[in-house]
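Structural features, examined
Below, each chain spelled out in residue letters.
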Amino acid sequence: FKDKSNDKDARLYIKEKIDRAKWLIDSIQQRRSTLYNVSCKIVEYQRSFLDKGLYALRELKMQDVADDVGIHVSTVSRAIHDKYVQTHRGIFPLKFFFTGAIKTTDGPDESRVAVKHRVKKVIQNEDKSKPLSDEEIGAELRKQGVHIARRTVTKYRKQLKIPSSRRRKIY
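Okay, so let's go over this structure. Note that the structure is predicted; figures quoted are calculated from it, not measured.

Attention now goes to the side chain of S111. If you trace the backbone, S111 turns up in strand 4 (residues 110-111). The exposure class of S111 is buried, given its relative accessible area of 0%. A distance of 3.1 Å separates a polar atom in the side chain of S111 from the backbone nitrogen of A114. Ignoring anything within four residues of it in the chain, the contact list for S111 reads L57, R58, E59, T99, G100 and A101.

On to the packing of aromatic side chains. Taken as a whole and assessed by the stated rule, the structure comprises six aromatic pairs. For the pair F96 and F97, a centre-to-centre distance of 5.3 Å together with 85° between the ring planes defines the contact as edge-to-face. An aromatic cluster is built from F49, F92, F96 and F97, whose rings are joined through pairwise contacts.

What follows is about the pairing of strand 2 (residues 90-93). Side-chain direction in a regular strand flips from residue to residue, so the side chains alternate between the two faces of the sheet. Note that strand 1 (residues 84-87) and strand 2 share four bridges and pair antiparallel. Considered in strand 2, the bridge of T87 is made with G90. A loop of two residues connects strand 1 with strand 2, the two strands running antiparallel in sequence.

So, about the nonpolar core. Residues I42, V65, F97 and F98 are the most contacted members of the largest nonpolar core, which totals 15 residues. Elements with a minimum of two residues in this core: helix 1 (8-45), helix 2 (47-52), helix 3 (62-69) and helix 4 (73-80). Among the elements that take part in this core, helix 1 stands out by supplying three residues, more than any other. Those residues in contact with I42 that lie beyond four places of it in its chain are V65, I80, L94, F97 and F98. One finds V122, L141, V146 and Y156 within the second-largest nonpolar core, a separate group that totals twelve residues.

Time to look at the environment of R112. Positionally, R112 belongs in helix 5 (residues 112-124). Exposure remark for R112: the relative accessible area of 40% places this residue in the partly exposed category. In this structure the C-alpha to C-alpha distance between R112 and K4, which are 108 residues apart in sequence, comes to 66 Å. Among all residues touching R112, those that are not within four sequence positions of it are T99, G100, A101, I102 and Y156.

Each value, and the rule that gives it
Residues numbered from 1 in each chain as written. Predicted model: local features only at pLDDT ≥ 70, side-chain atom pairs only at ≥ 80, totals over all residues. Heavy atoms only, no water. Helix = DSSP H or I, 4+ residues; strand = E, 2+ residues; numbered from the N terminus. Buried < 20%, exposed > 50% of the residue type's maximum accessible area, 1.4 Å probe, protein only. Polar contact = N/O pair within 3.5 Å; in protein donor to acceptor, adjacent residues only side chain to side chain. Contact = heavy atoms within 4.5 Å. Phe/Tyr/Trp six-rings, centres within 6.5 Å; stacked < 30°, edge-to-face > 60°. Pairing = 2+ DSSP bridges. Core = buried A, V, L, I, M, F, W, Y, C linked by side-chain atoms within 4.5 Å.

Functional significance is not addressed by these values, which are geometric in nature.
This is how it looks when you write it as structure tokens:
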């Protein structure tokens, strides 16, 4: 390539191929760097989940991570697509950590995933001969400080594939 005595067309061809290879290497490094930075921000935001468990999962929006990392929100979305993280709590898709929240009476808002877990716990601890209705589950969660409507309890119960109170009753 550097030998001037070689054919000029051959040298140009080799230079073009080397430039394309450098561009590919730079692109891969940029992708790796973006994924690393986004992952670090997610871990930073969700440290309480990693330390304490599902109840401590915080509300997180892709826009928050994008703003902190200094990239566009669509770049965050593409970076985490089909990517997983292995933690001491299990293996999770990176999208798992992006969740909305529900208002609480005291303390910070609680993530939807954590509220779904609460719904599941209330149902697990109910008297199976007198299962709680969705309204009663909502009332129990309100006692715990989570403001949730009956229809939201119904939606979460269905997402968790938990049958209605009539179908949960054991005689």
